[in-house]
Amino acid sequence: MGATPNIAARLQGLAQPDTVVMSDATAHLVEGYFTCQPMGTQELKGLARLWQRQGKRTAAYELLAPVYNWFTEGFDTADLREAKALFAALT
């Protein structure tokens, strides 16, 4: 299974009944057509860590980089410190 279906399956698993969960990139594409509410950081870094262990460093980096670089604050939180360490290990 490729990256896109894997990410889509993880996002689908986050959705509550009668809701849709989408990536930030998709939310930007539908802006103006739908009202979207940010959910904050979700556990996609677990997928990046799995790919890192499987030797899929480029895929892990490409998954984590846009999410991590989206943040402008909160870098002292545990999640972003952990993501930063993983990001550094992938570069």
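Residues numbered from 1 in each chain as written. Predicted model: local features only at pLDDT ≥ 70, side-chain atom pairs only at ≥ 80, totals over all residues. Heavy atoms only, no water.

## Some points on the environment of Val20
- Topologically, Val20 is positioned in the loop between helix H1 (3-14) and helix H2 (24-30).
- Classification of Val20 by relative accessible area gives exposed; the value is 67%.
- In the structure, Val20 is positioned 16 residues away from Cys36 in sequence and 9.4 Å away in space, judged by C-alpha atoms. (Helix = DSSP H or I, 4+ residues; strand = E, 2+ residues; numbered from the N terminus. Buried < 20%, exposed > 50% of the residue type's maximum accessible area, 1.4 Å probe, protein only.)

## Focus on unusual backbone geometry
- Its identity as a non-glycine residue notwithstanding, Asp18 has a phi of 65°, on the positive side.
- Tracing the chain through its elements places Asp18 in the loop between H1 and H2.
- Here Asp18 falls in the exposed class, since its relative accessible area comes to 83%.

## Comments concerning the packing of aromatic side chains
- In this structure the tally under the stated criterion is one aromatic pair.
- Between Tyr61 and Phe87, the ring centres sit 5.2 Å apart and the planes meet at 10°, which makes this aromatic pair stacked. Taken as a pair, Tyr61 in helix H4 (residues 57-70) and Phe87 in helix H5 (residues 78-90) lie far apart in primary sequence, 26 residues in all. (Phe/Tyr/Trp six-rings, centres within 6.5 Å; stacked < 30°, edge-to-face > 60°.)

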